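# Structural features, examined
Below are the chains, spelled out letter by letter.
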Amino acid sequence: MKEKIISGIQQVGIGIKDLNEAWKWYNDILGFDIKIFDDTGTAEKMLPYTGGKPQDRRAILAYNLRGGGGLEIWQPMGRELIYPKEEIILGDYGIFSCKIKCPDVKLAFETYKNKNVDVINKPSLSPSGIMHFFIKDPYNNIFEIEEDNFVFADEKKTTGGVNGAIIGVSDMEKSIDFYSRILDYDTIVYDITGIFDDLQGVPGSTNKLRRVMIKRSKPIVGPFSQLFGSSHIELVQNLEETSKKIYENRFWGDPGFIHICFDIRNMNKIKEEIQAIGQDFVCDGGRDFDMGDANGHFTYIEDPDGTLIEFVETFKVPIMKKLGIAINLMNRDDKKPLPRYLLKALRFGRVKIDRMT
């Protein structure tokens, strides 16, 4: 059997009430202006997380060609959204924050202040020695803007794409083992405990926390690896308060960060490895699932605290929809990156919008 390949973070999913409004904000403020698909349909494969019945939705997958993972913006249709009853704080179980690559953190800080973005704190050094700060979008989602000079296409943007996530956990050792064995985040960058100045102003930052940053030791390979670049995950455990599950009594697609998705090759090998630790896919879309003009195989598993992890094995990605031009990945070398010129052709999916004021 072929080996498991995890090419990187493909996207982080965000549940939103008004997709058109949110798309405008993520397009302008965070630079996610390359639209891969815009699809309206029914989520029929997520029944354990949609109240046991199919739910109508609209979704946009967008990228920032400076490099990094994308954002998959979801709007449930035809039902009332369920919002968190309490403020989400560091250590709550689930995805607390989405990390964004940034070449010049201080410039981004000034740019966002001038654009009236809700800036939570000032740039400061993280425990790994990089500059970072936090912002909040208009929909109460927190993004961490962090120093990272990775560039796929130099588009002179303030920020790049997704660089990882902050995920709340209940049992740090169990979570470290899970993310190492299943997702190959097997290297600990730091493991520290305390109350941290660099988190000042972030909800939950006054509590004593254990923070563990993990990254992958394996080289990044696969068709889209040159676009995604490296990434890391910060696991956070609240040592003072009883944490809550972010999506407790809520549906997948309700407001917030709903999943973190990894671009992979060889889904059967993924299945074999998760079954070896006594788990299985909690949802499986099958090998012929379409999202607009894109096609692939998606599955989901849960981390030890129920955070949804998505795997997507992509078979086809549209490049120029009007001309019917797409990238076909079915018979390619799983480890070989796609040519840079072909990935840069994704720019034909760029959507220009009126800028935010």
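Look above for the structure.
Residues numbered from 1 in each chain as written. Predicted model: local features only at pLDDT ≥ 70, side-chain atom pairs only at ≥ 80, totals over all residues. Heavy atoms only, no water.

### Focus: the nonpolar core
This is how it is decided: Note on terminology: a nonpolar core comprises buried Ala, Val, Leu, Ile, Met, Phe, Trp, Tyr and Cys residues joined through side-chain atoms within 4.5 Å. Three labels apply to residues, based on accessible area from a 1.4 Å probe with only protein chains included: buried if under 20% of the type maximum, exposed if over 50%, partly exposed otherwise in between. Here a residue-residue contact requires only that any non-hydrogen atoms of the pair lie within 4.5 Å.
Ranked by size, the top nonpolar core spans 58 residues in total, and within it Y26, L30, F143, Y179, L183, F262 and F311 carry the most contacts. Not counting residues up to four positions away in its chain, the partners in contact with F143 are I14, Y26, L30, L71, S97, C98, I100, F133, F134, I135, D137 and F257. I34, L65, W74 and L343 belong to the second largest nonpolar core, which has 34 residues in total.

### A closer look at the packing of aromatic side chains
In plain terms, the rule: Paired rings are identified among Phe, Tyr and Trp, the last through its six-membered ring, by centres lying within 6.5 Å, and are further divided according to the angle between planes into stacked (under 30 degrees), edge-to-face (over 60) and tilted (the rest). In this scheme, Lys NZ or Arg CZ marks a charge over a ring once it lies within 6 Å of the ring centre and within 35 degrees of the ring normal.
Enumeration over the complete set of coordinates arrives at 13 aromatic pairs. Ring-pair connections join several aromatic residues into one group, and the members of that group are W25, Y26, Y139, F143 and F257. Sitting over the ring of F152, K344 keeps its end group 5.9 Å from the ring centre. In this structure, R347 packs its charged tip against the face of F348, placed 4.9 Å from the ring centre.

### As for the pairing of strand 1 (residues 5-15)
Spelled out, the test is: The way it works is that DSSP assigns letters per residue, a run of H or I at least four long becomes a helix, a run of E at least two long becomes a strand, and they are numbered from the N terminus. One bridge is not enough; two strands pair if DSSP finds at least two bridges between them.
In terms of burial, strand 1 is largely enclosed, as 11 of its 11 residues are buried. Here nine bridges tie strand 1 to strand 14 (residues 256-265), and the two strands are oriented antiparallel to one another. Across the sheet, I5 pairs through a bridge with R265, a residue of strand 14. When strand 1 meets strand 4 (residues 70-76), the two strands line up parallel, connected through five bridges. Looking at strand 4, one finds that V12 is bridged to L71.

### A word on the pairing of strand 3 (residues 55-63)
In terms of residue burial, strand 3 counts as a mostly covered element, since eight of its nine residues are buried. As paired elements, strand 2 (residues 34-43) and strand 3 share nine bridges and run antiparallel to each other. For I34, the partnering residue across the bridge sits in strand 3 and is Y63. In this structure, strand 3 lies alongside strand 4, joined through six bridges in antiparallel fashion. Paired with R57 across the bridge in strand 4 is P76. Two successive antiparallel strands, strand 3 and strand 4, enclose a turn made up of six residues, where G67 displays a positive phi of approximately 125°.

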